[in-house]
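# Topology and contacts: notes
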Amino acid sequence: MKKTNELKKNRLYDILYEKGVLYFVISFLIPAAIMTFAFRKAGIHPFGDEQMLVVDLWHQYYPFFRVVREKLLTGGSFLYSWQNGMGTNFLSLISYYAASPLNIFSVFFDEEHVRDALTFILIAKIGFCGAFFSCFLRYTFRRKDFSICIFSSMFALCSYMLGYYWNVMWFDTIALFPLVMTGVVAVCREKKWMTFTIALAVSLVSNYYIGYFTCIFTVFMFAAAVIIYAGSIKDFFAKLWIMARSAVIGIALGGFMLLPAYFGLQLTHSANNVFPADITFYEKWTDIFANLISYSEPATKEGLPNFACGMLAVVLMGVFLFSAGIKLREKISAVLMLALIAVSCNMNVLNYIWHGFHFTNMIPYRFAFIFSFVLIAAAYRAYDVIMEKGIKLYQLPLMLIFPIVVFYLNYVTCGEEKFTLTKELKSSLIITAAFILIFVAVKIFPFKKDKVRNTVLSLFIMTAVISELWSNAALGVRTVGTSDYKSYPSNNDNVQELLEKAEKMDNPLFYRTEMTKTYTLNDSSLYGYYGISQFSSAANESVTRFIQRLGLYASGAGNRYYYRLSTPVVNSMLGLRYIISKDGTLRSEEAALSVVGSSQNCCLYKNNYPLSLGYMVNEDILDMNVESGYRSPFDFQNEAVKLCTGIDQPCFSPQPVALVSYDGLNVSKTSFGNYNFTKETSGDTNAYATYTFDGVEGGYLYGYASNGGCESVSVKNNGEAVDSNIGISDYPIVFPMGNVQAGETAKVTVKAKTDVDSGEYKLMAFALDQSVFEAAYEKLADEQLNITSFSDTKITGTVNALEDGVLMLTMPYEKGWSIYIDGEKAETFDIMGAMLGVRVTAGEHTIKASYIPEGFSAGCCGTAAGAAAFAVLVYLDKRKKEKTASEPQTAAESSGGDKPESSADAETEPEKPEPADKQADSEETNEES
């Protein structure tokens, strides 16, 4: 019994200490706990009434996260989603936004606490940043003590993490980054390949974008590791082969996600980038390295690269570069890698390459975390030498070199006249002095045992580091900011009530809903309905241009298109059945929309002229030249209706200006609807022009405005406000002016931007001919697709075509869609450059549509091939080990002597014999990390 207990204790000791599980757990808990307390201090729910949703986390990441959770709960397909942009390749979308394996834990939270789930998942990701960095330090430097927890926490809470944590989808792959680098070291040290292969595959699947950074740096890490663990030429090529083979297998394992993501990206705006012609630099070098100071606000959207990772790393850099006991090849490798990242951040060409041959919108240095990784690893190497050999007297002044440089750069950056000892500089001076004093005290105190000395040193250093990290974490959360928890999503209970009412009303299998105004730019994902709007880097640019031509908000460079109350033609053409107003009763669409429900101040409107997901149109629509440069969206809509239905009369006719007045502006008209202006007084913040339009009997008025120096338009109908503050500073927009009959007037006020004194703008008004529109609608409604079954990726229905024509499906054209007419696959094509179309002969037909993302089948084959190759190599390695184990032992082995060190390991520290604590690691180094 006693022997059994001893075996259990030895096994537990082996798991906790020898295998590093204890240090893994502590390295997870420290940063996770600090981040939790920082959130608590900021009042982030469940600790208060704030939330971490800001910027794109508000508009994009959380809404997509909510859709992922919904699909996990309902069993929906991850290949396609109808809650985004009239239909979206969802696999391509989540490959960047929401492929985190941790998202599965969201199913354990109820609907009211989904945002809390995302908060705790982020905290876990930050914890894993520390945990996996501990694996890298433990394996690379063969240490088994609490010192690795100190430096792991520094990586997990470096300024990059604290400034960019709102980009939650990046952090799985950032956390796995140290594990991939551990795999590189394993290949170069022992030719072990499994850690690298698996970690790389999971990294790429979790987020291909950050995974791309990992792939680039792997090349440089391999070069450095090969140099550090130098062997023969034959040994080099053997390692190179293992790396190349493992990388191919790792990428192949992620093929099911990566290949559809690649093809999806070819449809986006980012596919059209141009390589920079000239080399330029963004920032001053003094500013970049001055930013290594601690206790300073991290960049959250724009600003300098977030390189700071704690003053301890700065203190120990001098020891790393100038101490004996660290080989020159290690120092050169580290300096070159730090220089590579710094120059890549600051040089436009390298920055462009690192970001996937693309210039980013905000956050210009997204790979800057690698700088912190290398700097902390170098600092730990210096600490490793101190732990092994004790603090040498000459090392104490070395600790002053880089802190002095960083403080001096801050002085240079501010300038002699403006320089003041700010709070962050004072705090950085204090913590730097604390670190150095700890090293001095440990040097002076006469410790009898090295183990006691190292334990005391690590204990005091950990206390100081945790104090610094806590302050930085609280500052980072405060800098990133928060938003109100209770009001997000706006009017959610009322909206959900109206959505349920719409579903029960006539319960069609498929219909679209939208909001009159956007709350986020992905309201359909946030509230959970089939909508039109989408804001994501996966936005199909062809659809973006189509939506823009219709007169809705859209921007290719901005990766967005979204709905705002528009014309009946647009509502019908895009298959909108319901529209929700969160601002009360509408005053502009009495004929086209009918109120069918309300909940407090929210109203549900039903489109009186709805069309199905598909309807027959004339084949003439294929001749429409969408690039011909239409004068306005109304001209585009007129042409589309004419070619779809064959009705020659236009739905919209231009209206002249009846009266115009100016306040603070001098305006000249250049052509119909186009104006130039200059302010009468420079800097005037309230300059505007007011245009009056006469009503038309039996018609509705609609306006179109675009920006060139104006920020908004407001509409009044017979003196009563119809809509106010319609933003045009970013994108042109069509807007309703209301039911303005003969003898009545509508006024549109255009407000100039406050920060410009001259510019141009476009303002036009068109009248809708209700009779022409209704005739066109009846023609299209007669031949609609009657949907009989519907799922995310499969649609079945029937259509009765009165004559040969084209079935237009109002969903984005993609090669992934296959259409079958009466069981036979039909050729698909795009309509108006964006929508999906197929030719249908006269008569009644069964239509089936199925979706598989382009590249998914090939990607799955690649994944299967990668898994097969992985399994074969594992089998061959096992056979090789069995064969080696069956061979006779050498004399040294049979006598019980230690196993000889490999040549690669011998190169690690040739100046000294391996210490006892590392000799105990000889067995571990023959295992996969």
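Throughout this description, residue numbers start from 1 for each chain and increase along the sequence as written. Local features in a predicted model are, by the rule used here, given only for residues with pLDDT of at least 70; side-chain atom pairs are given and counted only at 80 or more, and totals for whole chains, interfaces and linings are based on all residues. To obtain the side-chain values, all non-hydrogen atoms of the structure were included, while hydrogens and water were left out.

pLDDT measures the predictor's confidence residue by residue and takes values from 0 up to 100. Of all residues in the protein chain, 93% attain a pLDDT of 70 or more, and the chain-wide mean is 90. Secondary structure counts use DSSP, requiring at least four H or I residues in a row for a helix and at least two E residues in a row for a strand, with both numbered from the N terminus. Within the protein chain, the element-level pLDDT minimum falls on helix 29 (residues 903–906), averaging 35, and the maximum on strand 27 (residues 817–821), averaging 97. Note on residues 891–929: pLDDT under 50 across the span, and 56 contacts to partners over four residues away in sequence or across chains. Whether two residues are in contact is decided by their heavy atoms, any of which lying within 4.5 Å being enough.

The end-to-end C-alpha separation of helix 21 (residues 492–505) is 20 Å, in line with the 20 Å expected for 14 residues at 1.5 Å each. If you check which residues of helix 21 are buried, you get Asn 494, Val 495, Leu 498, Leu 499 and Ala 502. When helix 21 is viewed along its axis, its buried side chains cluster within an angular range of 135 degrees and face the same direction. Turned more than 90 degrees from where helix 21 packs its buried face, Asp 493 and Lys 504 sit exposed. The inward-facing, buried residues of helix 21 contact strand 5 (512–515), helix 22 (523–527), strand 9 (576–581), strand 10 (593–599) and strand 11 (602–607). The span one expects for a helix is its residue count, reduced by one, times 1.5 Å. Accessible area is worked out with a 1.4 Å probe on protein chains only. A residue is then buried under 20% of its type maximum, exposed over 50%, and partly exposed in between. Each C-beta atom gives one direction from the helix axis, and the arc is the one those directions make.

The terminal C-alpha atoms of helix 26 (residues 770–781), which comprises 12 residues, lie 16 Å apart, in line with the 16 Å expected from a rise of 1.5 Å per residue. For helix 26, the complete set of buried residues consists of Gln 770, Val 772, Phe 773, Ala 776, Tyr 777 and Leu 780. Seen along its axis, helix 26 keeps its buried residues to an arc of 160 degrees; they face one direction. Across from the buried face of helix 26, at angles greater than 90 degrees, the exposed residues are Ser 771 and Glu 778.

Counting 191 residues, the largest nonpolar core has Phe 151, Trp 170, Phe 217 and Phe 439 as the members making the most contacts within it. With 17 residues, helix 5 (residues 114–141) is the largest single contributor of residues to this core. Other than its neighbours up to four places away in sequence, Phe 439 contacts Leu 312, Leu 316, Tyr 383, Ile 386, Ile 391, Leu 396, Met 399, Leu 457 and Ile 461. Buried Ala, Val, Leu, Ile, Met, Phe, Trp, Tyr and Cys residues that are joined via side-chain atoms within 4.5 Å together make up what is termed a nonpolar core. Among the nonpolar cores identified, the runner-up in size contains 58 residues, and Ala 554, Val 570, Cys 603 and Tyr 615 belong to it.

Before going further, it helps to spend a moment on the pattern of salt bridges. Take a side-chain nitrogen of Lys or Arg and a carboxyl oxygen of Asp or Glu: if they are within 4 Å of each other, that pair is a salt bridge. Scanning the entire structure with this criterion turns up 21 salt bridges. Among the ionic pairs, Lys 125 bridges to Asp 172, the shortest N-O distance being 2.8 Å. Pair noted here: Lys 125 is in helix 5 and Asp 172 is in helix 8 (residues 171–190), with a separation of 47 residues, a long-range link. Residue classification places Lys 125 among the buried residues on the basis of a relative accessible area of 4%. Looking at Asp 172, the relative accessible area reads 8%, which means it is buried. The residue Arg 564 makes a salt bridge to Asp 723 at a minimum N-O spacing of 2.9 Å.

Let us look at the environment of Tyr 777. Of note, Tyr 777 is situated in helix 26. C-alpha of Tyr 777 to C-alpha of Met 573: the two residues are 204 residues apart in sequence and 9.1 Å apart in space. Setting aside residues up to four positions removed in sequence, Tyr 777 forms contacts with Ser 572, Tyr 609, Pro 610 and Leu 611.

In this structure, the amide linkage connecting His 45 to the following residue, Pro 46, adopts the cis form with an omega of 15 degrees. With respect to the helices, strands and loops of the structure, Pro 46 is situated in the loop between helix 2 (21–41) and strand 1 (50–51). Cis peptide bonds are those with omega within 30 degrees of zero, and the linkage from Tyr 488 to Pro 489 qualifies with -10 degrees. Here Pro 489 lies in the loop between strand 4 (483–484) and helix 21.

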